[in-house]
Amino acid sequence: SSGRSELGKICSKTHNSSITAEITKREIEIWQKLDHPNLLKMLAHKDDEFILSELCDGSLVDFMQKFPNCKLSEQLIVSIIKQVCSGVMHLHEK
């Protein structure tokens, strides 16, 4: 094991399988084009059946709930927003 957390996504073959397969293929095509430090990476896939990606073990909301008295500095908030915007911009470019 690499020590990183991973998430497997099994794509349903039972309901609207042709639609599901096309959506999954498109997701894989997009994910293969992504290479950005603020986006999770696709680690592997099997056709239109299975996707393995990095797993984000929490969120800013989780952090804020766990540490309700922690006050984030304006500088840190700006940094977080810039990172999110940078990742979203990269997604929209692909």
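Everything below is about the structure shown above.
For the structure given in this document, a descriptive report is provided here. (Residues numbered from 1 in each chain as written. Predicted model: local features only at pLDDT ≥ 70, side-chain atom pairs only at ≥ 80, totals over all residues. Heavy atoms only, no water.)

### Regarding the overall build of the chain
Inference 1: Each helix and strand counted, the chain has three helices and three strands in total.
Inference 2: Taken from N to C terminus, the helices and strands of the chain fall in the order β-α-β-β-α-α.
Inference 3: By the compact-globule yardstick of 12 Å for 94 residues, the chain is too spread out, its C-alpha radius of gyration being 17 Å.
Inference 4: Its C-alpha atoms give the chain principal-axis dimensions of roughly 50 × 30 × 30 Å.
Inference 5: Counting the 94 residues in the chain, one finds 15% classified as buried.
Inference 6: Counting only contacts in the chain whose residues sit at least 6 apart along the sequence, the fraction spanning at least 24 positions is 54%.
Inference 7: With an accessible surface of roughly 7300 Å², the chain has 58% of that area assigned to carbon and sulfur atoms.
Inference 8: Counting 12 positive and 13 negative side-chain charges, the chain places the centres of these two groups 2 Å from one another. (Helix = DSSP H or I, 4+ residues; strand = E, 2+ residues; numbered from the N terminus. Rg over C-alpha atoms; globule rule 2.2 N^0.38 Å. Buried < 20%, exposed > 50% of the residue type's maximum accessible area, 1.4 Å probe, protein only. Contact = heavy atoms within 4.5 Å. Areas by Shrake-Rupley, 256 points an atom, 1.4 Å probe, with all protein chains shown as cover. Lys, Arg positive; Asp, Glu negative; His and termini not counted. Charge placed at Lys NZ, Arg CZ, Asp CG, Glu CD.)

### Overview of the environment of Leu-34
Inference 1: With respect to the helices and strands, Leu-34 occurs in the loop between α1 (17–33) and β2 (42–46).
Inference 2: Assessed through its relative accessible area of 16%, Leu-34 is described here as buried.
Inference 3: A C-alpha to C-alpha distance of 20 Å links Leu-34 and Ile-10, two positions 24 residues apart in sequence.

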